[in-house]
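Given next are the chains, with one letter for each unit.
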Amino acid sequence: MDPINRGPEEYGHDSEGEGARQGRGTPASVPAPARARVVRILSGDLLVTVNPVDGSEIEPCPPGQESAAPRPRTPEERAEAARAAAPAVPPGPAAPALPLLERQEERERLAAILGRGRSARLTGPAGSGRTALLDAVAADCAGLAPDGVVRLSGHHRTPAELLHELFAAVRYAPEHRPGRAELPDRLRDVGAVVVVDDLEFGGAALDELLAAAPECAFLLAAGPDVPAPSPEAHVEELHLAGLGRGAALKLLESAAGRTLTDDEANWAGDLWFESEGLPLRFVQAGALLRQRDRLRVTPAEFDAFGALEEAFGPADPAAVAAVAAAAFDGVEDHDVELREIPLPSLGEGAAPAALLASRLSRSAQTTLRFAVALGGEVPHQAHLPALVGDTHADAALGELMACGLLSPVGPRYRLAAGVLTQLLAQGYGTEAADRAHTVAQHYAWWTTHPSVTPERAAAESDALLAALAVCVGSGTAPAADAEVTAEHRATAVLLARAAAPAFAAGLHWGAWERALRAGQEAARLTGEVAEEAYFHHELGVLALCTGNLERARAELEASIGMRGVLADKRGTVAGRRALALVADLAGDHGAPAGARAEGPVSPPRGTPALRGPAARQGREAVTAALPLGPVQTAPPVGPVGQTKAAAAPAFAFPDFADKGPTLVTRPDTDHGDGRRSLKSGILTGARRNLAAVGAGALLVAVLGTVVTLGATSGSGDDPAVNRVTSDSTATDDPVDDGADGTDGEEPPAEGEAGKPGETGDPTHSGSPSPSGSGSASPSSSTSPGATGSSSPSDSPTATTSPTGTTEAPTAPTTTSGPRPTTTRPTLPTTSPKPTPTTTTPPPPTTEPPTTAPPTTTAPPTTEANSPSNSASSTLGAPSAPGDSTSAETPA
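First, a word on what this report is: a plain description of the structure on this page. Please read all numbers here as calculations on a predicted model, not as lab measurements. (Residues numbered from 1 in each chain as written. Predicted model: local features only at pLDDT ≥ 70, side-chain atom pairs only at ≥ 80, totals over all residues. Heavy atoms only, no water.)

Side note on the packing of aromatic side chains
According to the stated counting rule, one finds three aromatic pairs in the structure shown. For the pair Tyr534 and Phe535, a centre-to-centre distance of 5.4 Å together with 65° between the ring planes defines the contact as edge-to-face. Across this residue pair, the class does not change: Tyr534 and Phe535 are buried. The cationic tip of Arg369 hangs over the ring face of Tyr428; the distance from NZ or CZ to the ring centre is 4.5 Å. (Phe/Tyr/Trp six-rings, centres within 6.5 Å; stacked < 30°, edge-to-face > 60°. Buried < 20%, exposed > 50% of the residue type's maximum accessible area, 1.4 Å probe, protein only. Lys NZ or Arg CZ within 6 Å of the ring centre and 35° of its normal.)

What follows is the structure in structure tokens.
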């Protein structure tokens, strides 16, 4: 094996599969993970999407997605369905063919009843041969009905499940399960002979089954403890008794494959008296005689050390039986010496399971232990090699069937009547929990395999559910280990999580419900809240499909509450959709007076409650409050960029005033005349619609503000206005922003110290470089180093003394070369007026400044007709000669 590329290299298997190596040293490609199997099923008028990840979704069937009308199956399709419903022939030695003795009268009577279109019920104890008689009657009535003969198993089945199985057997409708009200209409015209074995109900439930298919003739087989049908059902009763002594001895000879000796005949007579002539006991007694014959002529006499058996394998049981039969029939064979093996005791003959099992192969014995651990359910023969650990373990099923330890139940096998009790008495139940855990782990892997269809998983439902039940209840044992119990229950959660979607997709909804309930209990015991929420959700969807709205509401509310705690958004949305559908189907569109307050209730479409006195009348909150604040809008803008005082916050919707938290409630009830009001009709939209409207209103307000600012900030007189250069920043002229012309702040009074860094006089720089000039673009702040010195320029400039620069802009200044600038007078203020300062330009100095000049902001001149000038400069960046402009205000 290559140490780098791990995989099979010998026997020519190094190039098999999709991940074959292209060259040495190249790792094999990793297969992509299997996609989740999502199936869409039409149940009545509802469309169910089985999603194994987040939970199934249910909705009314959209138009155009209805399935085609079910059609009758052809004879070939019915024959194929019958073969699929019959148990598979087990590999290994075939059991001897047994005749049907002393049952001819019952057989003819049952066929006559069914020929008249009537129904019959056959009762008898376990092991009396009910199944064999049903097979014979079904063969006699093969061509009696237009839809043929349908074989069903009533083991762990309800009337509804049997009706759905009958519909699937006679009608072709893939991925379609009729609803509760639709099913009787689909079965009303079905004409078939329905044979139901192992029926477990009677009385009113049986009447429901018979009434749903009035054109069908039913042949039912049940035990003596099953309730009888009601007198109105018109079902004829037949009781099946045991065999007579002569028939019992004849059956024993057929099972043994030879004639009986006198000792064996006497022993069989005692057995007949003890077992009351039950045919099953004589089938098992015949198996005991066959085992005895093989022991008497075992090859060990010729090979004491087992060398021949090791080299050539075990002896052929059929050949050994033939030799034994010839020896007992009087054929002399001097090469065969028979050993003396005593006959079983009467007790061993009446309860032969332990003795029969002790003489079987190890694979058969291990299979029996697994069956005991599962409560009598036997896994399919395809699973035995993996469970037992033997590649030939599938032949063990044939051994058990030939010994009479198994009986067919639908498409599979289970332990025969009384075998489970006998094996438990002999210690076959030890380590049953561990074996059931092994079966559960195997099924959890097998069910999710992509090659396993939902139909195959549904056929294995009984054994799977048995393993699931054992793992969930493993902690009830007195000596149960806490750690082992937790591991078993965690495996039960995984198995239920994997099997439930397969059962749902396979239309075996009875097994789906049992798996969900077992998984929910296991998740509750292990504390897995997420898995428990999933099982509650699935139970709610199932109850909604079956028409149980109250159960659906309870399960969905529990699921929504758990997923809300876990912040599972997708699961919560799926649960609320299903809960809204429950409310729609129930017609529950108003909050009643006695509304439940124990859990969250979702409205049908998530409508928020109105905010207002009128909307609060008769309204009760049923869920948690959701915060909602006012819609923020942009402040209004006055002319020329002036911002008005902030007004009260405006709301996008007046009806939703901020008078309380948002309440998610049910919509208003309908008016007495069946019509809804206009206001309630407008507000019944989803919350996302209201959010979209609010976002649109906010966008309109922002766009309006931008358009207004753009329209009022431009100047048509001089295209050079608001031009940004490397030396100056284009801004608007200062205007009055408040009452005093200072951007909302009161200037300091005379003689009063201002803030640090603010003086009433501009700071002069002794720098020889011209750094300050009269600028046509006023600035809201004075740059460091601003001076009143003139800078050389080719254009005539009028330089005035620099004054303090105001922070609030004024009206825009129009500049056209040497033309004067018209400035709109500012509004008077009530603050103290500083004395206007007029300075002359200081002479330029060549002394470099010793320290960086501080930033100063001079108080503005507030006189109505006083000249105003702004000076702005950039420290260390002299202006170009052609970039300097001046603004002169006429006195």
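Thoughts on the sheet that holds strand E1 (residues 39-43)
The four strands are arranged E3-E2-E1-E8 in an open sheet whose pairing can be described as mixed. Where the open sheet ends on each side, the last strands, each with one partner, are strand E3 (57-60) and strand E8 (176-177). Sheet topology places E1 next to E8; two bridges connect them, and they run parallel. What sits directly across from Ser43, in E8, is Arg177. (Pairing = 2+ DSSP bridges. Helix = DSSP H or I, 4+ residues; strand = E, 2+ residues; numbered from the N terminus.)

Concerning the environment of Ala211
As for its position among the elements, Ala211 is in helix H6 (residues 204-212). Each C-alpha atom, one on Ala211 and one on Arg188, is 9.2 Å from the other, the two residues being 23 residues apart in sequence.

A closer look at the side chain of Arg177
Take Arg177: it is sitting in strand E8. Buried charge without a partner: Arg177 forms no salt bridge, and the closest opposite charge is Glu161, 7.1 Å away. Within the structure, the side chain of Arg177 is placed 3.4 Å from the backbone oxygen of Leu507, a separation counted as a polar contact. Those residues within four positions of Arg177 in sequence are excluded, and the remaining contacts are Leu42, Ser43, Gly44, His164, Leu507 and Trp509. (Lys, Arg positive; Asp, Glu negative; His and termini not counted. Salt bridge = Lys/Arg side-chain N within 4 Å of Asp/Glu carboxyl O. Polar contact = N/O pair within 3.5 Å; in protein donor to acceptor, adjacent residues only side chain to side chain. Contact = heavy atoms within 4.5 Å.)

Describing a nonpolar patch on the surface
Taken together, the side chains of Val529, Val565 and Leu566 present a nonpolar region at the surface, about 260 Å² in accessible area. Within the secondary structure, Val565 is located in helix H24 (residues 549-565). On the accessibility criterion, Val565 (69% relative accessible area) is exposed. (Patch = residues over 30% accessible without salt bridge, like charges linked within 9 Å, V, L, I, M, F, W, Y side chains within 5 Å. Areas by Shrake-Rupley, 256 points an atom, 1.4 Å probe, with all protein chains shown as cover.)

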